[in-house]
Amino acid sequence: MLVLTRKLGEVMRIGDDVKITVLEIRAGQVKLGIEAPRDVAVNREEIWARIYEDRRREAARTAHAAG
């Protein structure tokens, strides 16, 4: 894991296409702005986990129906 320290207004880049900007720091929370191509999914961890679980269930259901 890469750990970075950034100040308000500073930017991080992931590859050539993803830009993350620190927009606000207040009361122990950080607000980030994320610019990424439309084909790059950007989700909070809890949303990603729900999507992953839904896909896993669908794959299991499809495998069961085909078998």
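This write-up is about the structure you can find in this document. Everything numeric here is computed off the predicted structure, so don't read it as measured data. (Residues numbered from 1 in each chain as written. Predicted model: local features only at pLDDT ≥ 70, side-chain atom pairs only at ≥ 80, totals over all residues. Heavy atoms only, no water.)

1. Some words on the packing of aromatic side chains
Right, on to step 1. Enumeration over the complete set of coordinates arrives at one aromatic pair.
Right, on to step 2. Look at Trp-48 and Tyr-52: their rings are 5.3 Å apart centre to centre, the planes differ by 20 degrees, and that puts the pair in the stacked class. Placement of the pair is Trp-48 and Tyr-52 together in helix α1 (residues 45-66), with a separation of four residues, close to one helical turn. (Phe/Tyr/Trp six-rings, centres within 6.5 Å; stacked < 30°, edge-to-face > 60°. Helix = DSSP H or I, 4+ residues; strand = E, 2+ residues; numbered from the N terminus.)

2. Some remarks on the pattern of salt bridges
Side-chain pairing between opposite charges can occur once the charged atoms of the two side chains come close.
Right, on to step 1. Taken as a whole, this structure holds eight salt bridges when the rule is applied.
Right, on to step 2. We note a salt bridge from Glu-53 to Arg-57, for which the minimum N-O separation is 3.7 Å. Here Glu-53 pairs with Arg-57, and both are found in helix α1, just four residues apart, close to one helical turn.
Right, on to step 3. On the basis of relative accessibility, which here comes to 26%, the residue Glu-53 falls in the partly exposed class.
Right, on to step 4. Connected through salt bridges with shared partners, the residues Glu-53, Asp-54, Arg-56 and Arg-57 form a single ionic network. (Salt bridge = Lys/Arg side-chain N within 4 Å of Asp/Glu carboxyl O. Buried < 20%, exposed > 50% of the residue type's maximum accessible area, 1.4 Å probe, protein only.)

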